[in-house]
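# Geometric and topological summary
Chain residues, written in single-letter form:
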Amino acid sequence: RRGMSNKKGKRRAEAAALESGSKAEVAAAAPSGLDELDFEDEFEDEFEEEEYDGEDSDGDASDDGADEAGGGAGSSKDAFPDDGVNPSLGGQFYRAGDAMAEGEELQVDSTAYDMLHRSHLEWPCLTFGIVADSLGQSRTVYPHTAYFVAGTQADKPSANRLLCLKFSHMCKTKHDDESEPESEDDDEEEDDPILESQAVAHPGTVNRLKLMPQATHIAATWSDDGKVRLWDLSHQLATLHTPGKGGGGPSARGDPLHVYSGHDEEGYGLDWSAVAAGAMASADCAGKIHTWEGSAGGGWRVNAEPYQGHVGSVEDVSWSPVEPGVLMSCGCDSTVRVWDARRRGGSAITVDEGHACDVNVISWNRLVNYLVVSGADDGSFRVWDLRSIRSSEPVALFKWHRDAITSVEWSPHESSTLAVSGADHQLTLWDLALEDDPEAEHAVQGREDLQDIPPQLYFVHQGQRDMKEAHWHPQIPGVLASTAGDSFHVFKPANMGDGAA
């Protein structure tokens, strides 16, 4: 079972620290219909297929987009208006893994963020989900409030918890060049976020956690004890929203709604269907995928006959955003697969990525439902067009990250934008609609640290060690949260818009 032992190390956390940060217009692609797994576009719109490679050996294909990548910037002989590079700013852009001289230290560029809040929890969290709330859609007015559910990796199994978190009073970030407040009290009142939590005991490390999209107080967890559990966290979340109003019942006692022990080994693949309420898939390190169905009375039925085809661990699963019986998976055999629930004789489509590495994560675009992104152990990630996936050729390939990809997720607001996190301690934001900009090449002349940056890369977030997951907030455009071995961050890049595309 290839990759199973070091897979546990991949998701398990370490500890320490770093820092850094830095869009343009997004081109919308029309959604498609799915028909018998042919993935045809019923509107006959075309997604422009191009090959992007972040490691251009000639160094001439990526320079033009350097002004879109955040982080440090340095001096330049010519004075240009603020175009994202800001040549008058001292310092140097740090790419994770770059050598540092003795005495050098990293400093965050606060101007790269509209909002940045960092917290350190008692134990590292490998995984988390964002809770839907009743505070409104497309919120742009500060301060912000957000609810999360995270799962811990404690030093002993009995110390693990599901943490229901409420971050409130999250104000805009003060920049270094802004005037100081009149008093310390004013500063604390304006800038300090409030973190409240409710905890539920969880048996063992939480390998993966997913919230049911139709009812985000329902959580599914994969544990390192080999069991998948469902939880009702309504009491804990209601208590955070209005103390004393949580009510009673199993939720208040912290008892799981359902426990499934039918997997042969522990696992990490877990996803709810956004189309069929209560439908879920769980995948294990033995290469098996079990599907779940909601049943009358609020229960669940797990199909005993698994989907099989992967050789070794199934690392991630993702349901189609439009078809109730279609899901994708990826695994340690370097393949991504499409499964049709109407067929039991193996995957409907199998694509070998050809790098002989684990494919760790996968995400299905909910705005352009024929686009999927996958992230691999070698630091590369690929964008697949399901209308042409049988050719085994991705429409985009990026090799910016220097270590395993640990999380990928499409933006829920902008159809060509995605977030990628890696074991190289960086979280990157990409816009596939961006192209080479001749003016940018002139703007970065003399800046070796800003060369060879893909034009689609528009922001780099650092400052966390051993990054595990990143998620976009569905109700606050442009806001992301990320978890790592040492901290939990909530932030919004300064170059991130508020509108949908």
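Residues numbered from 1 in each chain as written. Predicted model: local features only at pLDDT ≥ 70, side-chain atom pairs only at ≥ 80, totals over all residues. Heavy atoms only, no water.

### What to know about the overall build of the chain
- Counting secondary structure elements, the chain contains five helices and 29 strands.
- Split into buried and exposed, the 501 residues of the chain put 58% on the buried side.
- Of the accessible surface of the chain, which amounts to about 20,100 Å², a share of 45% is contributed by carbon and sulfur atoms. (Helix = DSSP H or I, 4+ residues; strand = E, 2+ residues; numbered from the N terminus. Buried < 20%, exposed > 50% of the residue type's maximum accessible area, 1.4 Å probe, protein only. Areas by Shrake-Rupley, 256 points an atom, 1.4 Å probe, with all protein chains shown as cover.)

### Comments concerning the packing of aromatic side chains
- Under the counting rule described, the total for this entry stands at 14 aromatic pairs.
- Note on Phe167 and Phe488: the rings are 5.7 Å apart at their centroids and 20 degrees apart in plane angle, and the pair reads as stacked. With Phe167 in strand 4 (residues 161-170) and Phe488 in strand 29 (residues 488-493), this pair connects stretches of sequence that are 321 residues apart. Here Phe167 and Phe488 have matching classes, each one buried.
- Ring geometry for Tyr307 versus Trp339: centroids 5.8 Å apart, planes at 65 degrees, classification edge-to-face. Taken together, the residues Tyr307 in strand 14 (residues 307-308) and Trp339 in strand 17 (residues 335-340) connect sequence positions 32 residues apart. Across this residue pair, the class does not change: Tyr307 and Trp339 are buried. (Phe/Tyr/Trp six-rings, centres within 6.5 Å; stacked < 30°, edge-to-face > 60°.)

### A closer look at the sheet that holds strand 1 (residues 113-119)
- Spatially, 1-29-28-27 is the arrangement adopted by the four strands of the open sheet, whose pairing is antiparallel. Two strands in the sheet have a free side with no partner beyond their single neighbour: strand 1 and strand 27 (467-472). Pairwise comparison of adjacent strand axes, ignoring direction, gives a mean angle of 15 degrees for this sheet.
- In terms of strand pairing, strand 27 meets strand 28 (residues 480-484) through five bridges, oriented antiparallel. In the strand pairing of strand 28, Trp472 is matched with Leu480. (Pairing = 2+ DSSP bridges. Axes fitted to C-alpha atoms, helices over the stretch in contact; angles between N-to-C directions.)

### Details of unusual backbone geometry
- Following Tyr142, the chain continues to Pro143 via a peptide bond in cis, the omega torsion being -5 degrees.
- Looking at the element boundaries, Pro143 is found in the loop between strand 2 (125-131) and strand 3 (144-152).
- One non-glycine residue, His425, lies in positive phi territory at about 70 degrees.
- Its location among the elements puts His425 in the loop between strand 24 (417-422) and strand 25 (427-431).
- Positive phi is not limited to glycine here, since Asp466 has a value of about 60 degrees.

### Overview of the environment of Asn160
- Of note, Asn160 is situated in the loop between strand 3 and strand 4.
- Separated by 43 residues in the primary sequence, Asn160 and Pro203 place their C-alpha atoms 6.6 Å from one another.
- Engagement of the side chain of Asn160 in a polar contact is seen with the side chain of Thr152, the distance being 2.9 Å. (Polar contact = N/O pair within 3.5 Å; in protein donor to acceptor, adjacent residues only side chain to side chain.)

### Describing the pairing of strand 13 (residues 299-302)
- Only one face of strand 13 is buried: it carries Trp300 and Val302, and the other face, with Gly299 and Arg301, is open.
- As defined by bridge partners, strand 12 (residues 288-295) adjoins strand 13 across four bridges and the pair is classed as antiparallel. Pairing of Trp292 across the sheet is with Val302, part of strand 13.
- Where strand 12 hands over to strand 13, the hairpin turn is made up of three residues, of which Gly297 adopts a positive phi near 90 degrees.

### Here's the deal with the sheet that holds strand 6 (residues 206-211)
- The strand order across the open sheet formed by four strands is 6-7-8-9, and the pairing between neighbours is antiparallel. The outermost strands of the open sheet, each flanked by one partner alone, are strand 6 and strand 9 (258-260). Sheet twist, expressed as the mean angle between neighbouring strand axes with direction ignored, is 20 degrees.
- For strand 8 (residues 228-232) and strand 9, the ladder comprises three bridges, and the chain directions are antiparallel. Each bridged residue has a counterpart across the sheet, and for Leu230 the counterpart in strand 9 is His258.

### So, the confidence of the model for the chain
- With 76% of its residues at a pLDDT of at least 70, the chain reaches an overall mean of 81.
- Confidence drops under pLDDT 50 across residues 1-10; counting only partners more than four residues distant or on other chains, this segment forms 27 contacts.
- In the predicted structure, residues 183-189 sits below a pLDDT of 50 and forms five contacts with residues beyond four places in sequence or in another chain. (pLDDT = per-residue confidence, 0-100. Contact = heavy atoms within 4.5 Å.)

### Re the pairing of strand 15 (residues 314-319)
- Counted residue by residue, strand 15 has six buried out of six residues, so it is predominantly covered.
- As judged from the five bridges shared by strand 15 and strand 16 (residues 326-331), these two strands associate in the antiparallel manner. The residue bridging Trp319 from the neighbouring strand is Leu327, located in strand 16.
- The turn linking strand 15 back onto strand 16 is made up of six residues.

### What to know about the nonpolar core
- If you look at the biggest cluster of nonpolar residues, it comprises 38 residues, and the most contacted ones within it are Met328, Val383, Leu418 and Trp430.
- It is strand 19 (residues 359-364) that contributes the most residues to this core, four residues altogether.
- Not counting residues within four places of it along the chain, the set of residues in contact with Trp430 comprises Phe381, Phe398, Trp400, Ser416, Thr417, Leu418, Val420, Pro454, Gln456, Leu457 and Tyr458. (Core = buried A, V, L, I, M, F, W, Y, C linked by side-chain atoms within 4.5 Å.)

### Thoughts on the environment of Ile389
- Inspection of the secondary structure assignment puts Ile389 in the loop between strand 21 (381-385) and strand 22 (396-398).
- Sequence-distant contacts of Ile389, defined by excluding residues within four places in its chain, comprise Met328, Ile349, Val351 and Trp384.

### Topic: the side chain of Gln475
- With respect to the helices and strands, Gln475 occurs in the loop between strand 27 and strand 28.
- On the accessibility criterion, Gln475 (2% relative accessible area) is buried.
- In this structure the side chain of Gln475 is engaged in a polar contact, spanning 2.9 Å, whose partner is the backbone nitrogen of Asp133.
- Within the structure, Gln475 has its side chain in polar contact with the backbone oxygen of Gly136 (distance 3.1 Å).

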